[in-house]
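Single-letter residue listing:
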Amino acid sequence: MPLRTAAATVIAILALGIGAAITSAPAAPRARPALMLTVTDTAHLKLVHKHGEYINEEGPATGTLPGRVKLSLEIGPLVVAHFTIEASGGSISGTGTGKPKGRSEEPSFGGTMTVSHGTGRYKHAHGHGGFYGTINLNPRSPRSYSMAVQTNGHLSY
Amino acid sequence: MLASRPAVARLAAKAAIFAATSCVMATPAAAAQTSRLKIALVPERLGQGTTIEFSIQIAKVGGGVPSPVTRIQLLYPKQVGIVTSGLGLATCTEAVLEILGGDGCPSRSLMGYGTAIAEVEVGGEVVRERATTSIFMAPIAEGSINILFLVNGYSPLLAELVFPGLLLPAYPPYGGDLSIKVPLLESFPEGPDVALVKVRSTIGPLGITYYEHIHGRFIPYSPSGISLPPRCPYQGFPFKATFDFADGTQSTSSERVPCPGGHRQGS
């Protein structure tokens, strides 16, 4: 208990000190501190266009940053996806890479994702995390080239 | 990794050859080999499905039987969609190929087929072994797309060989690297290894029929094929093959499939 009291006192003093520093600082424009988010988003995407090993997909995303996902996918020995999430107030873009596994007709893939830039309120966006999904590669399937993608990770903006 | 299906016939053939040639000395390893890669895209229509037809010729510098190939690396262009081709939707395993042969595999695992010729020097005479080849999709494992090669030697030896290949990432202008470890195959016990000299094969839908199980019936169809991009890449479609030989040497051969006439080149 005495320890907890002492810790609380130290925190209170620090808080007061910071508060005093903020109050006494000159009124000048300052960069806002970066906001951090732990993001988990899931998107169900459908084929928009396919040429060679390149596939463009679009669909809604749900989760921490709901919006619309546009994905440009390169499906070779590695799955490489350039994505943009158009969320409320701006967009977030980045790249995910994954290695295939599972069935060859509908492989899943898992790897890493990097957020490299954004627009609007996310114009300083950067971050990283995991990138997972499945894609149906059977051209004769009613669900041909449909994808489910999940990303999770940390986002600063 | 020889299959057991025609084991009796194979052993009999081997024994006969061994009996006939047991006094023959193996020739020393070749100094160096040359290789020639030829590629055709059939049909070559931009934005459409195609079949890659490739032929490989290997020769020993100065003539004679070349050193056996131990590894083949075939690089294919970035814009070519093998994984998105609709080929290899099902998979076959090494065990099934060894026990039942290609007929034991699902139709939708077949990705291509062709012929091969191998040579071996026996008593100062070059014996040519002829074979058929088939390429099958294997289960994806450890994050890699696996492919199996079935080689059926039919004359003069009966021999079956199954060996794996891997589809690996490659640096531009290549989109993938088909890496194949070719096992050494003895012509007869303690005899020289058989050396591959010619392969003609396809990867694609040409001549392949898949069967789809719909409402209790098997419906035949032709897979759509390896999709070409809508615009031809600058200077055509680049392919490159590198061969490692048992004597430690290496040979590389490149080929560019030119853009089809009348189509503008992309960047």
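Everything here concerns the structure above.
Predicted model, so just to flag it, every value in this text is computed and none were measured.

(A) Just the overall build of chain A, in detail. Counting its regular elements, chain A contains 1 helix and 8 strands. Counting from the amino terminus, helix and strand elements in chain A follow one another as α-β-β-β-β-β-β-β-β. Expressed as a percentage of the 157 residues in chain A, the buried residues total 38%. When contacts within chain A are restricted to residue pairs at least 6 apart in sequence, those whose partners lie at least 24 apart make up 42%.

(B) Representation of the sheet that holds strand E4 (residues 79-87) of chain A within the structure. All names here are of chain A. If you walk around this closed barrel you meet the 8 strands as E1-E2-E3-E4-E5-E6-E7-E8, and the pairing is antiparallel. Taking the axes of each pair of neighbouring strands and ignoring which way they run, one obtains an average angle of 25 degrees across the sheet. As defined by bridge partners, strand E7 (residues 126-135) adjoins strand E8 (residues 147-156) across 10 bridges and the pair is classed as antiparallel. Counted as the bridge partner of Gly133 is Val149 from E8.

(C) Examining the environment of Glu142 of chain B more closely. With respect to the helices, strands and loops of the structure, Glu142 of chain B is situated in the loop between strand E5 (125-141) and strand E6 (144-155). Once the C-alpha coordinates of Glu142 of chain B and Gly175 of chain B are considered, the two residues, 33 residues apart in sequence, prove to be 20 Å apart.

(D) Geometry of the interface of chain B and chain A. On the side of chain A, 24 residues touch chain B, which itself brings 30 residues to the contact. When the two sides are added together, the surface that chain B and chain A hide from each other amounts to roughly 2000 Å², 57% of it contributed by carbon and sulfur. In terms of surface lost to chain A, no three residues of chain B exceed Thr84, Leu89 and Ile140 of chain B, which account for 30% of the buried area on that side. Between chain B and chain A we count 3 salt bridges in total.

Thresholds, definitions, all that
- Residues numbered from 1 in each chain as written.
- Chains lettered and ligands numbered in written order.
- Predicted model: local features only at pLDDT ≥ 70, side-chain atom pairs only at ≥ 80, totals over all residues.
- Heavy atoms only, no water.
- Helix = DSSP H or I, 4+ residues; strand = E, 2+ residues; numbered from the N terminus.
- Buried < 20%, exposed > 50% of the residue type's maximum accessible area, 1.4 Å probe, protein only.
- Contact = heavy atoms within 4.5 Å.
- Pairing = 2+ DSSP bridges.
- Axes fitted to C-alpha atoms, helices over the stretch in contact; angles between N-to-C directions.
- Buried area = accessible area lost by both parts, 1.4 Å probe.
- Salt bridge = Lys/Arg side-chain N within 4 Å of Asp/Glu carboxyl O.

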